[in-house]
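Remarks on the overall topology
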Amino acid sequence: MTQPKQPKQPKLGIDLPTTTVTQSRVQLFQPTQRPTYRRGDWIETSWGRCRVTGRLGQRHADAWEAVCFCADSKREFNGRLELLVDPARVRRTMSSKGYSGAGLNALLIDLTAALVEIDTGEGWIGSGHLIENQFQSKLKTKPDPLTKKERSLIVVVVGEAGMTLLNKDVGRWRNPAPIARLTSGVSQAVARLVLSHRDSGRTRIDTALTAVGVPPDGAERRKARARIRGDAEGLARCGVVVSDGFVFCDRRVPQTPDESENDKKYNCSMTQSVPQPPGSVPQPPGGLGYLGPLGL
């Protein structure tokens with residue numbers, strides 16, 4: 001008797017971009033690690049406009065990028081993308097000293113609650129939530145190398161705005177850890193802006209600060225300049241050079257995953273995550289096809 005054909009199981013590690021260019025350009029995430037609540041006012045930029053009802057800052061951008069980078073598997077279900085994620089790997093990506101589980105959960109709740117709308121003027125509009133839901137997986141676990149007990153994985157459901165960005169926008173594949181380790185939110189915002197361009201050229205620091213939403217005058221602008229200069233070494237590790245009042249992209253710095261001893265110790269290796277396409281950045285696929293049942 002012929003055995004029924006078993007469905008093909010997807011491989012671990014998925015070809016999902018870490019981020020997309022528009023979300024780094026239209027001030028979707030405030031240039032601070034301590035964002036305030038926005039009430040849905042439009043923000044106009046050279047690359048389009050966006051409005052946010054909720055709290056989204058650079059730590060939220062860290063979490064969103066780390067979820068995409070660390071996702072072990074995905075499936076499309078009811079028009080939404082479900083990502084299976086090890087929260088321990090996400091926390092290790094966001095901080096070399098580890099990010100607390102409560103802190104990560106608070107960021108994911110903010111990402112779920114925030115309502116966003118992005119209009120690039122190029123024929124597509126992203127509207128809705130970046131994350132629609134996140135919950136603990138009932139079927140998928142991973143052994144904790146320290147306690148030998150099974151630890152739970154989580155399922156992150158990408159919302160309508162997130163789906164639009166992944167399907168319509170230009171993706172960037174990189175390790176998000178170096179940006180997450182920068183000490184200030186304004187440095188993170190500038191790094192994301194510069195790296196969203198293939199060749200940004202030399203840009204004045206003040207021009208970059210204006211582009212990410214720092215007020216043009218006063219103490220906040222002076223502090224932002226000082227933080228950029230103070231983060232110059234960390235920015236260089238991200239591939240962003242600070243020199244003579246300018247910032248520009250150094251493409252000689254590889255944007256590929258790395259692996260630290262702590263990552264190995266906690267079984268959170270980033271080298272097992274999303275493949276990083278070499279060379280020029282490809283466009284994301286037209287659709288995120290259904291990959292079969294993952295047991296999420």
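Everything below is about the structure printed above this text.
Residues numbered from 1 in each chain as written. Predicted model: local features only at pLDDT ≥ 70, side-chain atom pairs only at ≥ 80, totals over all residues. Heavy atoms only, no water.

Quick look at the pairing of strand 7 (residues 115–119)
Where a strand is regular, its side chains alternate between the two sheet faces. Note the following rule: Between any two strands, pairing holds if DSSP finds at least two bridges. Numbering of helices and strands runs from the N terminus, with a helix taken as a DSSP run of H or I at least four residues long and a strand as a DSSP run of E at least two residues long.
Two strands pair when backbone bridges link them, and strand 4 (residues 48–54) and strand 7 are joined in this way by 5 bridges, in the antiparallel orientation. If you follow Cys50 over to strand 7, its bridge partner there is Ile118. Bridge count for strand 7 against strand 8 (residues 125–128) is 4 bridges, and the pairing is antiparallel. Note on strand 8: the bridge partner recorded for Val116 is Gly128. Turn length for the strand 7-strand 8 hairpin, with the two strands adjacent in sequence and antiparallel, is 5 residues, and the turn residue Gly121 shows positive phi of about 70°.

Considering the pairing of strand 4
Across 2 bridges, the pairing between strand 2 (residues 38–39) and strand 4 is antiparallel. Bridge assignment links Arg38 to a residue of strand 4, and that residue is Gly54. Bridge count between strand 3 (residues 43–45) and strand 4: 3 bridges; the pairing is antiparallel. Counted as the bridge partner of Glu44 is Arg49 from strand 4. The hairpin formed by strand 3 and strand 4 contains 2 residues between the paired strands.

Digging into the packing of aromatic side chains
Convention followed: Any Phe, Tyr or Trp ring, taking Trp's six-membered ring, that has another such ring centre within 6.5 Å forms a pair; planes under 30 degrees apart are called stacked, those over 60 apart edge-to-face, and the others tilted. Only when the NZ of Lys or the CZ of Arg is both within 6 Å of the ring centre and within 35 degrees of the ring normal is a charge said to sit over the ring.
A complete count under the given rule lists 0 aromatic pairs for this structure. One Lys or Arg, Arg49, reaches over the ring of Trp42 and ends 3.9 Å from the middle of that ring.

A closer look at the packing of helix 7 (residues 185–195) against helix 9 (residues 219–230)
To describe two helices that pack against each other, one gives the angle between their axes and the distance between the axes. Condition: Lines fitted to C-alpha atoms define the axes, with helix axes restricted to the stretch in contact, and inter-axis angles between N-to-C directions lie between 0 and 180 degrees. An angle counts as roughly parallel when it lies under 35 degrees, as roughly antiparallel when it exceeds 145, as roughly perpendicular when it falls between 65 and 115, and as oblique in every other case. Between two residues, a contact is recorded if the distance between any of their heavy atoms is within 4.5 Å. For this classification, Asp, Glu, Lys and Arg are treated as charged, while Ala, Val, Leu, Ile, Met, Phe, Trp, Tyr, Cys and Pro are nonpolar and the rest, including Gly, are polar.
Where helix 7 contacts helix 9, the axes come no closer than 8 Å and their chain directions differ by 70°. Looking at the two axes, helix 7 sits roughly perpendicular to helix 9. Contacts between helix 7 and helix 9 involve Val186, Ser187 and Val190 from the former and Ala224, Arg227 and Ile228 from the latter. Of the residues that constitute the contact of helix 7 with helix 9, the class distribution is 4 nonpolar, 1 polar and 1 charged.

As for the sheet that holds strand 13 (residues 240–243)
Ordered in space as 12-14-13, the 3 strands form an open sheet in which the pairing is antiparallel. The open sheet is flanked by strand 12 (203–204) and strand 13, the only strands paired with a single partner. In the sheet, strand 12 pairs with strand 14 (residues 246–249) via 2 bridges, with the strands oriented antiparallel. Bridging across to strand 14, Arg204 finds its partner in Phe246.

A closer look at the packing of helix 8 (residues 205–212) against helix 9
What counts is decided by this rule: A clockwise turn of the near helix away from the far one marks a right-handed crossing, whereas an anticlockwise turn of less than a right angle marks a left-handed crossing.
Here helix 8 crosses helix 9 at 115°, and the two axes come no closer than 11 Å. Comparing their axes, helix 9 and helix 8 come out roughly perpendicular. Crossing of helix 8 against helix 9: the hand is right-handed. Contact residues: Ile205, Asp206, Leu209 and Thr210 in helix 8; Arg221, Ala224, Arg225 and Ile228 in helix 9. Counted by class, the contact of helix 8 with helix 9 contains 4 nonpolar, 1 polar and 3 charged residues.

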